[in-house]
Amino acid sequence: MTTELVPDTTYDCRQAFADELMALAAEDERVIVVCNDSVGSSNLVEFKKRFPDRLINVGIAEQDLVGVGAGLANGGFIPFVSAAGPFLTGRATEQIKTDAAYSGVPVILCGQSPGMAYGELGPTHHSIEDLSWMRAIADLAVAVPADPEQTRAAVRWAAGFSGPAYLRIPRFKVPAVTPEGTPFEPGRAIRLTDGDDVTVMAIGTLVSRAVEAARTLRAEGIGVRVLNMTFIEPMDVDAVLSAARETGGIVTAEEATTTGGLGAAVATTVAQHHPVPMRILGVPRRFAPTGSASFLLEYFGLTADGIAAAVRELVSAG
């Protein structure tokens, strides 16, 4: 059953993930789920009840997890390989690179509770390096849905995609920000607000915060263009270069390290084609402390206020 979205309400995108996955499984018997003893944390309890023969639990063995998924894809199935983000990407990078990406098989890798969603469990459970790792692997699509609508669209898109994909499924509750009927396409950013002064490019949990920042800044006479980038790979290069040409600077915001994710991808593109001032918001190259997800986002300035401050800094510098 699809969750009805209500204005000013926040949502756990894992529910949208589970709903769409069950809808797909009802339509296509090739859809199968492989997990690593994460039935509960991946929100797959109902899936297991409805499709008990189509959920494979390999236990705490992430390398096997990806290998089994690749084998199922080779056998004609549509495998959704689901696990907590830090363990799926950290423990099975070699299998993701070799069994999935290099082999070109359509495995759908679902990194659950990414970023700092497992805040109180500390750095071992923070999945902030995953975008840097996954973006470095050739022929692997990397998508970060921003809300329930995009999460459902990402699941359905990935099921029909001809190659491997990594989907980041948020646990931290977020409001709905995607306009109804917006297509979900690789390499296509979504413009959520217009402005000529600065562009804010955000992904995942930071998109709604970017929109809030733009609203605050508009009242101050600062026009902010907000782009939900969605895909780290392939990235919407045209949208990035248009922003560089048409606005006075770019702020990127992500719940990830700043060493190789969205900010690094945008900076590389801008530096090579149309240099402009930038601010890259995220987690610097160090281990995040232990605390709630809300505390950690505040700690690193990954808030509407933090984004607004970075925009003001660019405007005043210009």
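What you see is a predicted model; the values in this text were computed from it and never measured.

### Quick word on the pairing of strand E14 (residues 278–283)
Okay, step 1: One ladder, built from five bridges, connects strand E13 (residues 250–257) with E14; its direction is parallel. Note that in E14 the partner of Thr252 across the bridge is Ile280.

### Quick look at the sheet that holds E13
Okay, step 1: Taken in spatial order, the five strands of this open sheet run E9-E11-E10-E13-E14, and their pairing is mixed. Two strands in the sheet have a free side with no partner beyond their single neighbour: strand E9 (190–193) and E14. Put simply, the sheet's adjacent strands are angled 25° from each other on average, direction ignored.
Okay, step 2: Where strand E10 (residues 198–202) and E13 come together, four bridges link them in parallel fashion. Counterpart to Val200 in the pairing with E13 is Val251.
Okay, step 3: Its contacts with the sheet place helix H12 (residues 304–317) against E10, strand E11 (224–228), E13 and E14, and it is angled at close to 160° to E14.

### Let's talk about unusual backbone geometry
Okay, step 1: With an omega dihedral of -10°, the bond running from Glu233 to Pro234 counts as a cis peptide bond.
Okay, step 2: Considering the arrangement of structural elements, one finds Pro234 in the loop between strand E12 (231–233) and helix H9 (237–246).
Okay, step 3: Within the chain, Ser113 stands out as a residue other than glycine whose phi angle is a positive 50°.
Okay, step 4: Relative to the helices and strands, Ser113 is located in the loop between strand E5 (108–112) and helix H6 (130–135).
Okay, step 5: If you check the backbone angles, Thr230 has positive phi at about 60° while not being a glycine.
Okay, step 6: Examined against the element boundaries, Thr230 turns out to sit in the loop between E11 and E12.

### Quick word on the nonpolar core
Okay, step 1: Membership of the largest hydrophobic core comes to 43 residues, with the highest contact counts inside it found for Leu109, Leu140, Met229, Ile250 and Val266.
Okay, step 2: Counting residues per element, this core draws most heavily on helix H3 (residues 62–74), at five residues.
Okay, step 3: Non-local contacts of Leu109, meaning those with residues more than four positions away in its chain, are made with Val66, Val81, Leu88, Ile96, Leu140, Ala165, Tyr166 and Leu167.
Okay, step 4: Val198, Val200, Val251 and Ala293 belong to the second-largest nonpolar core, a separate cluster that totals 34 residues.

### Some thoughts on the confidence of the model for the protein chain
Okay, step 1: Here the protein chain shows a mean pLDDT of 94. Residues at 70 or above account for 97%.
Okay, step 2: With pLDDT under 50 throughout, residues 1–7 is counted as low confidence; its partners more than four residues away or in other chains account for 13 contacts.

### Some remarks on the sheet that holds strand E2 (residues 31–35)
Okay, step 1: As summarised here, the arrangement of the seven strands in space is E3-E2-E4-E5-E7-E6-E12, forming an open sheet in which the pairing is mixed. Both edges of this open sheet fall to strand E3 (55–57) and E12, since each of them pairs with a single strand only. Strand-to-strand, the axes of this sheet are offset by a mean angle of 20°, without reference to chain direction.
Okay, step 2: Examined bridge by bridge, E2 and E3 share three bridges and lie parallel to one another. Across the sheet, residue Val33 finds its bridge partner in E3, namely Leu55.
Okay, step 3: Where H3 meets the sheet, its contacts fall on E2, E3, strand E4 (78–84) and E5, and the angle it forms with E4 comes to roughly 170°.

### Digging into the environment of Ser162
Okay, step 1: Secondary-structure assignment places Ser162 in the loop between helix H7 (148–160) and strand E7 (165–169).
Okay, step 2: Exposure remark for Ser162: the relative accessible area of 63% places this residue in the exposed category.
Okay, step 3: Through-space distance from the C-alpha of Ser162 to that of Leu297 is 35 Å; in sequence the pair is 135 residues apart.
Okay, step 4: If we ignore the near neighbours within four places in the chain, the residues touching Ser162 are Gly104 and Pro106.

Rules used throughout
- Residues numbered from 1 in each chain as written.
- Predicted model: local features only at pLDDT ≥ 70, side-chain atom pairs only at ≥ 80, totals over all residues.
- Heavy atoms only, no water.
- Pairing = 2+ DSSP bridges.
- Helix = DSSP H or I, 4+ residues; strand = E, 2+ residues; numbered from the N terminus.
- Axes fitted to C-alpha atoms, helices over the stretch in contact; angles between N-to-C directions.
- Contact = heavy atoms within 4.5 Å.
- Core = buried A, V, L, I, M, F, W, Y, C linked by side-chain atoms within 4.5 Å.
- Buried < 20%, exposed > 50% of the residue type's maximum accessible area, 1.4 Å probe, protein only.
- pLDDT = per-residue confidence, 0-100.

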